[in-house]
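Chain by chain, the residues run as shown.
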2 protein chains.
Amino acid sequence: MSDDSSSRIVAELRRWIAAASPGSRLPSTRSLVARYQASPVTVQKVLRVLATEGLVETRPGVGTFVRSVGVARPPDYSWQTAALRAPHVPIRSVSAALQSTTSDVVAFHSGYPARELLPERLVRTALARAARSDAALARPPVDGLPELQAWFAHELRADTPAGVTAPTARDVVVLPGSQSGLSSVFRALAGAGQPVIMESPTYWGAIRAAAQSGVRVVPVPTGPEGPDPEELARAFSDTGARTFYAQPNYANPTGAQWSPERGRKILDVVRAHGAFLIEDDWAHDFGITTVPTPLAAQDDSGHVVYLRSLTKSVSPAIRVAAVVARGPSRARILADRAAESMYVSGLLQAAALDVVTQPGWRTHLRALRGHLRERRDLLLASLREQAPWAHVAHVPRGGLNLWARLPDGTDVPRLIRDCAAAGVTIAPGAEWFPAEPTSPFVRLNFAGPDPSAFPDAVRTLADTFDALAA
Amino acid sequence: MSDDSSSRIVAELRRWIAAASPGSRLPSTRSLVARYQASPVTVQKVLRVLATEGLVETRPGVGTFVRSVGVARPPDYSWQTAALRAPHVPIRSVSAALQSTTSDVVAFHSGYPARELLPERLVRTALARAARSDAALARPPVDGLPELQAWFAHELRADTPAGVTAPTARDVVVLPGSQSGLSSVFRALAGAGQPVIMESPTYWGAIRAAAQSGVRVVPVPTGPEGPDPEELARAFSDTGARTFYAQPNYANPTGAQWSPERGRKILDVVRAHGAFLIEDDWAHDFGITTVPTPLAAQDDSGHVVYLRSLTKSVSPAIRVAAVVARGPSRARILADRAAESMYVSGLLQAAALDVVTQPGWRTHLRALRGHLRERRDLLLASLREQAPWAHVAHVPRGGLNLWARLPDGTDVPRLIRDCAAAGVTIAPGAEWFPAEPTSPFVRLNFAGPDPSAFPDAVRTLADTFDALAA
């Protein structure tokens, strides 16, 4: 059959469809064959053309129907407003740190390291191996693969000083990412309506998990040295809080690393108030000029609940993290996890364990230190040279970010919008404050793709800033 | 150096350790070499032997220390009792349906199909392909891979009658398993303290997710035909509930499938009360003598929030599910998911999509129907012949389970314990009741491994029952 013939039938059927009401059934293929003296192949082709145009819809075994496109009543979901009641938590858009961009943009906004900083060969090999193993079809225990639990415990044990009882595999609960752990820990250790102390600024994901779980956030200010122990003690006394969430090593966003002395003092305050320190060791694999020692390694009294993730350092596809908790707190957390997601994919657990137990993992981490250092220093130098008004008070000894204070009065949302239009994406500092930001800040990730573009991107930032100020 | 020499040093150091206090540092390798006139290799070997015995612990770069095994004070976590406060939810042990067993046991207790019922070849191929793809290293959008969203929407679209606007990819949120979806839906659509109506009996995981999210469960009785629409209407009126959770196709545990007529009536009640029906289509791939049609396909007014999982039918390692919701309810659910876990592993999403779009998937599902039918009928026949006191009121037309009522007065926990001791595991019916069980029930999964063992296992059940009654 010629194209002409099918075009003619398409045109005739278009007229028929325009006159028909939505949902009408088209004549069967057999009767169209008869009516237009065409082959079944041509009729099928015609129907595909009409379906591609969105005019008809074929339900296999039932027939072809006129679609209600264009003439459909617009849906009305307004009844849901009453059913849903007012939100417990303001509905916020996706964080800047999670947004995807195209490859022609210089991305300072992301919360993740670029792909070239991941152990790609180890990850692919581990996943391929896991795909051939039992893990591809089996269901692991609720609290994790025993070997992976043991690995997380062993990592802490290596930093545990003599005289402190190190955690064991039985203290570990494997998680599908540390974000899930944050939600569970806030629900399990505090619960709706209860106060949870947090550094300000602190990780936006923790602020969001706290809001969603209904706990009441109590902010304490933090700086390059971490929070002031006396201020923390006041917050405990004033609010009766029993939980303090913090990132003692390379805090996101400030990059702060608590000194051993500061860590001990804070742990003393936490113990004195019969409280939990939720230690989020998010950047354990991202030391640059220091090696992070978890505070959890100092504690065998169950006061530190320790979160460690492999998602950022291994691969965003291998969402595996763990919480280490001792005493009844672990049972509470495990009960929340079981109700929340039952277990973590054994395939991802097996692949994660494979990656971190290869000799290549240590080699990768050593090389990563160098890469992060070069990127950090390049971005710092570009800022100092071209945007000296962006003040980085603390050069982070680890992590992925610079935390830059802008001159008072800077219109940060507008700066970020204009920079994005010029191909440079930046995260607004306000997302990291549980309350009002104290000054205009931005967070700049130096682990994004292609560091050679950093100087030009900072030039763009500077030009945009100048245009705003003019 | 001879073995004798190292044994002698081991023995001497054992005595030294027994006299030392825990945490003491051993002399350095160099001084041990000098003291025992041994080579460094021998000393290293000695230290490895002592470490294997658990007597010492080496911290690289720091030294070797006497371990506190045996002499350590028992940990005291009692302070946590005050910090944790009374639990919101009773802490329950892991459900019977999640427990792992050894291979010499006949497992009627599980909630999952046996490995021989999974599409093993498709799963392994898909995972291997995903491991080589971008998905192994990339971060997908928060609401899911667009192609997988489109697949879930398309599945519903195929059942959507003319005149009803089918859902699109934009209505879908991909989940890391449907259990996570239940928690999010309860939190997002109802919230702590709000009533949620549930069938009784119903899926234990939903009961647990509801408890953990703090909603108030309102049970309505259900039977082989589903719940009575008038009873449901009363529950809505009495409690002001705006949410009803149900499994209209092959309900777990009863196997009930609502007739189209019953489904329409229930949907009318839901709409009349301005409420949501959370349709948990857990057994969509497990039809035996019927094909399930989701109620969600009948609704374009946003009243049905639809949950579909691939974990049970594809592989327990591929924890991927989706919720389809329209209107503001979707935004609420997505906000909860973003706070809870940010995104689902793109590797698992890519692998799931790969499996369900292969021609082999349809072939697998057709074969699965036959296997499930044979197993169901074999277990039914065994029960009727050997344990006629176990009354299966409804032969399920799909799903994985038989729901058997036992004679009144049966000591179910003891029966289950004695059966387990005899190598047959069974799940107690009480777990499926949000309130008191109305009668003694057990749930028997006919999708476990090795159906040829079913008759003997039922014989064991019957003998155990007789021994109890004697």
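Residues numbered from 1 in each chain as written. Chains lettered and ligands numbered in written order. Predicted model: local features only at pLDDT ≥ 70, side-chain atom pairs only at ≥ 80, totals over all residues. Heavy atoms only, no water.

**Some thoughts on the overall build of chain A**
- Along its length, chain A carries 15 helices and 15 strands.
- Counting only residues that meet the buried cut, chain A has 59% of its 470 residues in that class.
- Within chain A, contacts between residues separated by at least 24 positions form 74% of all contacts whose residues are at least 6 apart in sequence.
- Carbon together with sulfur atoms contributes 54% to the accessible area of chain A, which is approximately 18300 Å² in total.
- For chain A, the distance from the average site of its 50 positive side-chain charges to the average site of its 44 negative ones is 8 Å. (Helix = DSSP H or I, 4+ residues; strand = E, 2+ residues; numbered from the N terminus. Buried < 20%, exposed > 50% of the residue type's maximum accessible area, 1.4 Å probe, protein only. Contact = heavy atoms within 4.5 Å. Areas by Shrake-Rupley, 256 points an atom, 1.4 Å probe, with all protein chains shown as cover. Lys, Arg positive; Asp, Glu negative; His and termini not counted. Charge placed at Lys NZ, Arg CZ, Asp CG, Glu CD.)

**A closer look at the interface of chain A and chain B**
- Contacts between the two partners involve 95 residues from chain A and, on the opposite side, 95 residues from chain B.
- For the chain A face of the interface with chain B, the top three residues by lost area are L137, R139 and M342 of chain A, together amounting to 10%.
- Applying the counting rule to chain A against chain B returns eight salt bridges.
- The shortest N-O distance in the salt bridge between E57 of chain A and R157 of chain B comes to 2.9 Å.
- Counting every contact that joins chain A to chain B gives 48 residue pairs in polar contact (both at pLDDT 80 or more).
- Mapped by element, the contributors of at least two residues to the side of chain A that touches chain B are β1 (56-59), α4 (79-84), α5 (120-132), α7 (178-190), α8 (204-213), α11 (328-341) and α12 (346-356) of chain A.
- Residues belonging to the side of chain A that touches chain B are distributed by class as follows: 45 nonpolar, 27 polar and 23 charged. (Buried area = accessible area lost by both parts, 1.4 Å probe. Salt bridge = Lys/Arg side-chain N within 4 Å of Asp/Glu carboxyl O. Polar contact = N/O pair within 3.5 Å; in protein donor to acceptor, adjacent residues only side chain to side chain. Nonpolar A, V, L, I, M, F, W, Y, C, P; charged D, E, K, R; others polar.)

**Comments concerning the relation of the copies chain A and chain B**
- Mapping chain A onto chain B leaves a residual RMSD of 0.4 Å; the transformation is a rotation of 179° accompanied by 0.1 Å of translation along its axis. Here the two chains are linked by the operation of a two-fold rotation axis. Nearest to the rotation axis, the C-alpha of A128 of chain A is located 2.6 Å from it, this being the minimum over chain A.
- When you check the interface residues of chain A against chain B, 100% turn up at the interface there too, and the contact is symmetric in its surfaces. (Least-squares fit on C-alpha atoms with pLDDT ≥ 70 in both.)

**Notes on the packing of helix α14 (residues 412-421) of chain A against helix α15 (residues 454-469) of chain A**
Residues and elements named next belong to chain A.
- Where α14 meets α15, the closest approach of the two axes is 10 Å, and the angle between their N-to-C directions is 130°. With respect to α15, the axis of α14 lies oblique. You can see that α14 and α15 cross each other, and the crossing is right-handed. The segment α14 lies against α15, with R414, L415, D418 and C419 engaging L461, T464, F465 and L468. (Axes fitted to C-alpha atoms, helices over the stretch in contact; angles between N-to-C directions. Parallel < 35°, antiparallel > 145°, perpendicular 65-115°, else oblique. Left-handed = near helix turned anticlockwise from the far one by under 90°.)

**Here's the deal with the domain arrangement of chain A**
- Here chain A is described as being made up of domain 1 (3-66), domain 2 (96-118 + 361-469) and domain 3 (120-358).
- Summarising the inter-unit geometry, the C-alpha centres of domain 1 of chain A and domain 3 of chain A are found 59 Å apart. (Domains from an automatic or database assignment.)

**With respect to the pattern of salt bridges**
- Scanning the model with the defined rule gives 50 salt bridges over all chains in all.
- The closest approach of N and O atoms between D143 of chain B and R330 of chain B, which form a salt bridge, is 2.9 Å. Of this pair, D143 of chain B sits in the loop between α5 (120-132) and α6 (146-157) while R330 of chain B sits in helix α11 (residues 328-341); the two residues are 187 residues apart in sequence, bridging distant segments of the chain.
- Beyond isolated ion pairs, a larger network of salt bridges with shared partners links R187, D336, R337 and E340 of chain A together with R187, D336, R337 and E340 of chain B.

**Some points on the sheet that holds strand β11 (residues 401-405) of chain B**
All names here are of chain B.
- The sheet built from three strands is open, its strands ordered β11-β14-β13 with antiparallel pairing. The open sheet has two edge strands with one neighbour each: β11 and β13 (427-428).
- Two elements, β13 and strand β14 (residues 441-445), share two bridges in a ladder whose sense is antiparallel. The residue of β14 that forms the bridge with P428 is V442.
- This element, helix α13 (residues 359-386), spans β11 and β14 of the sheet and lies at about 20° to β11. (Pairing = 2+ DSSP bridges.)

**A closer look at the environment of Q37 of chain B**
- Along the chain, Q37 of chain B turns up in the loop between α2 (29-36) and α3 (40-52).
- Taking the C-alpha atoms as reference points, Q37 of chain B and S5 of chain B, 32 residues apart in sequence, are found 9.7 Å from one another.

**Let's talk about the packing of aromatic side chains**
- All told, the structure shown has 26 aromatic pairs over all chains when counted by the stated rule.
- Seen in terms of ring centroids, F276 of chain A and W79 of chain B are 4.9 Å apart; in terms of plane orientation they differ by 50°. Their pairing is tilted. Here F276 of chain A, found in strand β9 (residues 276-280), pairs with W79 of chain B, found in the loop between β2 (63-66) and α4 (80-84), and the two come from separate chains. The burial state of F276 of chain A is the same as that of W79 of chain B; both residues are buried.
- In textbook terms, an aromatic cluster arises when at least three aromatic residues are bridged by ring pairs, as seen for W403, W432, F433 and F441 of chain A.
- When the ring centre of Y343 of chain B is taken as reference, the NZ or CZ atom of R319 of chain A above it lies at 4.2 Å. (Phe/Tyr/Trp six-rings, centres within 6.5 Å; stacked < 30°, edge-to-face > 60°. Lys NZ or Arg CZ within 6 Å of the ring centre and 35° of its normal.)

**Here's the deal with the packing of helix α2 (residues 29-36) of chain A against helix α3 (residues 40-52) of chain A**
Residues and elements named next belong to chain A.
- The N-to-C vectors of α2 and α3 enclose an angle of 110°; their axes lie 9 Å apart at closest approach. When the interaxial angle is binned, α2 and α3 end up roughly perpendicular. Every residue of α3 that contacts α2 at T29, L32 and V33 is listed here: P40, V43, Q44 and L47.
- When grouped by side-chain class, the residues that make up the contact of α2 with α3 number five nonpolar, two polar and no charged.

**Structural notes on unusual backbone geometry**
- N252 of chain A connects to P253 of chain A through a cis peptide bond whose omega is 15°.
- When you line up the elements, P253 of chain A lands in the loop between β8 (243-246) and α10 (260-272).
- Unlike most non-glycine residues, Q37 of chain B shows phi in positive territory, near 55°.
- Its identity as a non-glycine residue notwithstanding, R85 of chain B has a phi of 60°, on the positive side.
- Turning to its location among the elements, R85 of chain B is positioned in the loop between α4 and β3 (106-107).
- On the basis of relative accessibility, which here comes to 29%, the residue R85 of chain B falls in the partly exposed class.

**Looking at the pairing of strand β6 (residues 216-221) of chain B**
Residue and element names in this part refer to chain B.
- With six bridges joining them, strand β5 (residues 195-200) and β6 adopt parallel strand pairing. Paired with S200 across the bridge in β6 is P221.
- This β-α-β element, β5 to helix α8 (residues 204-213) to β6, shows right-handed connectivity. (Right-handed = clockwise from strand over helix to strand, strands pointing away.)

**Quick look at the sheet that holds strand β4 (residues 172-175) of chain B**
Residues and elements named next belong to chain B.
- Pairing within the open sheet is mixed, and its seven strands lie in the order β4-β10-β9-β8-β7-β5-β6. Either end of the sheet is taken by a strand with one partner, and the two such strands are β4 and β6. For this sheet, the mean angle separating the axes of adjacent strands, direction not counted, is 20°.
- With two bridges joining them, β5 and strand β7 (residues 243-246) adopt parallel strand pairing. Its bridge partner being in β7, I197 is matched across the sheet by F244.
- Each of β4, β5, β7, β8 (276-280), β9 (304-309) and β10 (321-324) touches helix α7 (residues 178-190); the most contacted strand, β9, lies at about 165° to it.

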